[in-house]
Amino acid sequence: MQDTIPAGKWQRAGIVGSTALKVGLREVQHKVKRPFLSAQRQQEAKQEVDDHNASLLFDTLTQLRGTALKAAQMLSMEVELLPERYRRELEKSFHQVPPLNRVLVRKALHEQFGKPPEHLFATFDTTAFAAASLGQVHAATLPDGTPVAVKIQYPGIHVAMDNDMKLLRQLARGLPNPEIALQSLLEIQARLREEVDYLHESTHYRMVSGAFSIDRNQRAAGLRRMEW
């Protein structure tokens, strides 16, 4: 379980820079050793480097979450951009993101509602059954016995997203077609802001559930969005 999410601009930039340095160092070491290896051993060594770097990249993006983890999801679908080993590792960002520490979850609920989860719900599982780039979901039961899913947004995710977009915009200005890249980033930022607006999501869900008459036991709890 992860205890915190780095939100500061320089903190996140430092994590990315450190990972890039480690990945680059592995590649350099492999290239230095490569001429002295047999053809078979060269392939095996390259696979080992890719395995290590792909795992390191996924761990870093998972630690950052937010925009970074969204990028991992998009990169995993780029067949022509990344080697298969990297894509397989990044595909885990869709379904294998470790949840936040359960102590932090309890603290977040108490800070938002002034009560611990056991006073808000008949039952509340502090271990998330699903975790993604922007938040995680917990199983709970309302006092009247209704089973619900409680979606909790990661602490500091708004600040982290804004800082990530600033870094990406700076990088985009150095690309061959900066105007196109910057426009794409604006669209991504708008979409991410929609995804972290749980009030908007709740309203949309109620509209859909009403239109399709979703069973009461399948409805999510109408909790207000948590501000961290």
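Residues numbered from 1 in each chain as written. Predicted model: local features only at pLDDT ≥ 70, side-chain atom pairs only at ≥ 80, totals over all residues. Heavy atoms only, no water.

- As recorded in an unreviewed UniProt entry, the protein chain goes by ABC1 atypical kinase-like domain-containing protein and comes from Thiothrix lacustris.

Some details on the overall build of the protein chain
Moving on, step 1. On a plain count of helices and strands, the protein chain comes out with 9 helices and 4 strands.
Moving on, step 2. When its helices and strands are written in sequence order, the protein chain yields α-α-α-α-α-α-β-β-β-β-α-α-α.
Moving on, step 3. Counting all 228 residues of the protein chain, 38% fall into the buried class.
Moving on, step 4. Counting contacts in the protein chain only where the partners sit at least 6 residues apart, residues at least 24 apart contribute 59% of the total.
Moving on, step 5. For the protein chain, the computed accessible surface area is about 13500 Å², with 57% contributed by carbon and sulfur atoms. (Helix = DSSP H or I, 4+ residues; strand = E, 2+ residues; numbered from the N terminus. Buried < 20%, exposed > 50% of the residue type's maximum accessible area, 1.4 Å probe, protein only. Contact = heavy atoms within 4.5 Å. Areas by Shrake-Rupley, 256 points an atom, 1.4 Å probe, with all protein chains shown as cover.)

Points about the nonpolar core
Moving on, step 1. In terms of nonpolar packing, the biggest core is built from 19 residues, with L61, L134, Y154, I157 and M161 touching the most fellow members.
Moving on, step 2. Each of domain 1 (9–97 + 157–196) and domain 2 (99–153) contributes no fewer than three residues to this core.
Moving on, step 3. In this structure, V105, L109, A140 and V148 belong to the second largest nonpolar core, which totals 8 residues. (Core = buried A, V, L, I, M, F, W, Y, C linked by side-chain atoms within 4.5 Å. Domains from an automatic or database assignment.)

Describing the pairing of strand β3 (residues 135–141)
Moving on, step 1. Counting buried positions along β3 gives 6 out of 7 residues, so the element sits mostly inside the fold.
Moving on, step 2. Pairing of strand β1 (residues 123–124) with β3, which is carried by 2 bridges, proceeds in the antiparallel orientation. By the bridge assignment, F124 is partnered in β3 with A140.
Moving on, step 3. Two elements, strand β2 (residues 130–131) and β3, share 2 bridges in a ladder whose sense is antiparallel. By the bridge assignment, A130 is partnered in β3 with V137. (Pairing = 2+ DSSP bridges.)

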